[in-house]
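A closer look at the structure
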Amino acid sequence: MKKRKIKREKTKYNILITALIPLLILLLSFRLLVFDTNFYEKEFDKNNVYEFFNKETVNRELNSLFNYFINNKELTTNFFNQKEKIHLEDVKILINGAINLLIILSFLFFMALIYYYRNKKLHGFLNSLMFGGLLTLIYLIIILFLVLFNFKGLFLNFHLIMFDNDYWMLNPETDNLIVLFPTQFFYDAIIRIMIYSVIISLVFIGFSYYIRRLYYSKT
């Protein structure tokens with residue numbers, strides 16, 4: 001009876017790891033993108049941002065934003081109005097929250113790896129890794145469907161859920177933030193995050209499959 005209870009508890013733990021891996025992968029992909037200056041520069045060029053502001057100004061404000069988000073420094077210019085600064089403060093909280101959650105999940109991920117390895121149950125962890133990667137791919141297919149067929153609705157609902165005010169409702173005629181980051185920017189960002197997530201998922205699946213074969217060949 002006791003052995004059955006222990007087995008049942010371990011099964012739940014495997015399910016928990018599997019369920020958390022998609023979130024880990026998406027957060028990691030988000031982190032890879034959010035401070036990728038090359039992506040921003042390509043988007044600025046694609047969305048004709050340099051027709052509104054010169055490149056030096058855009059780069060200066062982008063660096064100022066990065067310092068604001070990463071190093072907690074104040075925005076050094078009056079490029080953004082008060083409404084935009086309030087929204088950027090909300091965005092900063094969201095970004096830092098996502099990164100902190102990624103750190104926590106990464107810690108739990110490696111602790112689980114150590115636990116399974118020390119208890120000689122590495123195959124259980126590898127199973128979770130593989131199924132988690134597959135589950136991520138399933139989620140990505142669903143997200144891709146939503147992005148392709150109802151991006152505006154998805155984008156709107158995201159803002160309604162994540163922000164408890166209307167400061168995100170910007171006007172391109174009065175707010176520079178929406179000129180720098182139009183809707184197309186976020187569409188491309190989501191697609192890029194999904195591409196990163198697919199790659200990481202395949203790495204997880206491939207790594208799990210390879211180590212499993214190596215493990216069983218030795219046993």
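Time to look at the overall build of the protein. Helix and strand content of the protein: seven helices and zero strands. Scanning the protein from its N terminus toward the C terminus, one meets helices and strands in the order α-α-α-α-α-α-α. Seen through its C-alpha atoms, the protein measures out along the principal axes to roughly 70 × 30 × 30 Å. Intrachain contacts of the protein at a sequence separation of at least 6 include 76% that bridge at least 24 residues. Accessible surface for the protein amounts to roughly 14100 Å². Of this, 63% is attributable to carbon and sulfur atoms. Across the protein, the 25 positively charged side chains and the 17 negatively charged ones have centroids separated by 27 Å.

Before going further, it helps to spend a moment on the packing of aromatic side chains. Enumeration over the complete set of coordinates arrives at 23 aromatic pairs. Between Tyr40 and Phe44, the ring centres sit 6.4 Å apart and the planes meet at 55°, which makes this aromatic pair tilted. One end of the pair is Tyr40 and the other is Phe44, both in helix α2 (residues 37–46) and four residues apart, which spans about a single turn. Tyr40 sits in the buried class, given a relative accessible area of 9%. For Phe44, a relative accessible area of 1% corresponds to the buried category.

Here Asn171 lies in the loop between α5 (122–162) and α6 (176–180). The class of Asn171 is partly exposed, set by a relative accessible area of 33%. A C-alpha to C-alpha distance of 14 Å links Asn171 and Lys85, two positions 86 residues apart in sequence.

A word on the nonpolar core. Counting residues in each nonpolar core, the largest one holds 32 residues, and the members touching the most others are Tyr40, Phe44, Phe69, Phe80, Leu88, Leu180 and Phe181. Of all the secondary-structure elements, those providing two or more residues to this core are α1 (2–34), α2, α3 (55–70), α4 (82–118), α6 and α7 (183–218). Among the elements that line this core, the one with the most residues is α3, at six residues. If we ignore the near neighbours within four places in the chain, the residues touching Phe69 are Phe35, Leu88, Val91, Lys92, Ile95 and Asn96.

As a further point, take the side chain of Asp188. With respect to the helices, strands and loops of the structure, Asp188 is situated in helix α7. Polar side-chain contacts of Asp188 include one of 2.9 Å to the side chain of Gln184. Residues contacting Asp188, with those up to four places away along its chain left out, are Phe39, Glu43 and Lys46.

Across residues other than glycine, the phi torsion is negative in most instances, and most of the peptide bonds are trans. Here Asn72, not a glycine, exhibits a phi torsion of approximately 60°, which is positive. Examined against the element boundaries, Asn72 turns out to sit in the loop between α3 and α4. Take Asn72: its relative accessible area is 55%, and that puts it in the exposed class. For Lys120, which is not a glycine, the phi torsion comes out positive at approximately 55°. Position of Lys120 relative to the elements: it lies in the loop between α4 and α5. Judged by relative accessible area, Lys120 falls into the exposed class, the value being 70%.

The predicted model of the protein averages 90 in pLDDT, with 92% of residues at 70 or higher. Overall, residues 1–12 carries pLDDT values under 50, and its contacts beyond four positions in sequence, including any with other chains, amount to three contacts.

For α5, spanning 41 residues, the distance from its first C-alpha to its last is only 38 Å, which falls clearly below the expected 60 Å at 1.5 Å a residue. Along α5, the largest kink reaches about 110° and is centred on Asn150.

Attention now moves to the environment of Tyr210. Relative to the assigned elements, Tyr210 resides in helix α7. Between the C-alpha atom of Tyr210 and that of Leu126, which follows or precedes it by 84 residues, the distance is 9.8 Å.

Moving on to the packing of α4 against α5. Running from amino to carboxyl end, α4 crosses α5 at an angle of 165°, the nearest separation of the two axes being 13 Å. One finds that α4 runs roughly antiparallel with respect to α5. When you trace α4 past α5, the crossing you get is right-handed. For the pair formed by α4 and α5, the contact residues are Leu94, Phe109, Ala112, Leu113, Tyr116 and Tyr117 on the first element and Leu122, Gly124, Phe125, Leu129, Phe158 and Met162 on the second. Here the residues of the contact of α4 with α5 are counted per class, giving eleven nonpolar, one polar and no charged.

Analysis parameters
- Residues numbered from 1 in each chain as written.
- Predicted model: local features only at pLDDT ≥ 70, side-chain atom pairs only at ≥ 80, totals over all residues.
- Heavy atoms only, no water.
- Helix = DSSP H or I, 4+ residues; strand = E, 2+ residues; numbered from the N terminus.
- Contact = heavy atoms within 4.5 Å.
- Areas by Shrake-Rupley, 256 points an atom, 1.4 Å probe, with all protein chains shown as cover.
- Lys, Arg positive; Asp, Glu negative; His and termini not counted.
- Charge placed at Lys NZ, Arg CZ, Asp CG, Glu CD.
- Phe/Tyr/Trp six-rings, centres within 6.5 Å; stacked < 30°, edge-to-face > 60°.
- Buried < 20%, exposed > 50% of the residue type's maximum accessible area, 1.4 Å probe, protein only.
- Core = buried A, V, L, I, M, F, W, Y, C linked by side-chain atoms within 4.5 Å.
- Polar contact = N/O pair within 3.5 Å; in protein donor to acceptor, adjacent residues only side chain to side chain.
- pLDDT = per-residue confidence, 0-100.
- Expected span 1.5 Å × (residues − 1).
- Bend = angle between axes of the 7 residues up to and from the residue.
- Axes fitted to C-alpha atoms, helices over the stretch in contact; angles between N-to-C directions.
- Parallel < 35°, antiparallel > 145°, perpendicular 65-115°, else oblique.
- Left-handed = near helix turned anticlockwise from the far one by under 90°.
- Nonpolar A, V, L, I, M, F, W, Y, C, P; charged D, E, K, R; others polar.

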